[in-house]
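Observations on chain architecture
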Amino acid sequence: KETMVIEVESEPSQPHWYERYVQPCVAELLGTALFVFIGCLSVIEETPNTGRLQPALVHGLAVALLVASVGEI
């Protein structure tokens, strides 16, 4: 007995409103808040040996961390 296989392509579904509007806004808010918070914490203790290197490294590492964690959104 032979059976016929029919392949039906479904239409691509639209993303849910949460994924489309809320999730990117929350990710942007979290990323910006964490970036500013970490940046401000990096310059609280001003030691003469660090100069401008410490805040620059902290901001760079914060950006790398944020891109890795919320970059998919």
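A brief report on the enclosed structure follows. Quick caveat: nothing in here was measured; it's all calculated off a predicted structure.

Further remarks concern the packing of helix 1 (residues 17–42) against helix 2 (residues 53–70). Contact geometry for helix 1 and helix 2: axes closest at 9 Å, N-to-C directions at 160°. On the basis of their axis angle, the class for helix 1 and helix 2 is roughly antiparallel. Note on packing geometry: the crossing formed by helix 1 with helix 2 is right-handed. Mapping the contact onto sequence places Ala27, Gly31, Leu34, Phe35, Ile38, Gly39 and Ser42 in helix 1 and Gln54, Pro55, Val58, His59, Ala62, Val63, Leu66 and Val70 in helix 2. A class-by-class count of the residues in the contact of helix 1 with helix 2 yields 10 nonpolar, five polar and no charged.

Another point: helix 1. Here helix 1 spans 37 Å end to end across 26 residues, near enough to the 38 Å set by a 1.5 Å rise per residue. Where helix 1 is concerned, the buried positions are Ala27, Gly31, Gly39 and Ser42. Check the buried side of helix 1 and you find it contacts helix 2.

So, how was this worked out
Sequence order as written defines the numbering, with residues in each chain counted from 1. Owing to the predicted nature of the model, reporting of local features is limited to residues with pLDDT of at least 70; listing and counting of side-chain atom pairs is limited to 80 or more, with chain, interface and lining totals taken over all residues. Side-chain measures were taken over the full set of non-hydrogen atoms in the model, leaving aside hydrogen atoms and water. Between the N-to-C directions of two axes lies an angle of 0 to 180 degrees, each axis being a line fitted to C-alpha atoms and, for a helix, fitted only over the stretch in contact. Numbering of helices and strands runs from the N terminus; a helix is a DSSP stretch of H or I covering at least four residues, while a strand is a stretch of E covering at least two. Orientation is classified from the angle alone, with under 35 degrees giving roughly parallel, over 145 giving roughly antiparallel, 65 to 115 giving roughly perpendicular, and any other angle giving oblique. Handedness of each helix crossing follows the sense of rotation of the near helix against the far helix: counterclockwise by less than a right angle gives left-handed, clockwise gives right-handed. Pairs of residues are marked as contacts when any of their non-hydrogen atoms sit within 4.5 Å. The classification used treats Ala, Val, Leu, Ile, Met, Phe, Trp, Tyr, Cys and Pro as nonpolar, Asp, Glu, Lys and Arg as charged, and all other residues, Gly among them, as polar. In this scheme, a helix's expected span is set at 1.5 Å multiplied by one less than its residue total. Categorising residues by exposure relies on relative accessible area from a 1.4 Å probe, with only protein chains included: less than 20% of the type maximum marks a residue as buried, more than 50% marks it as exposed, and the intermediate range marks it as partly exposed.

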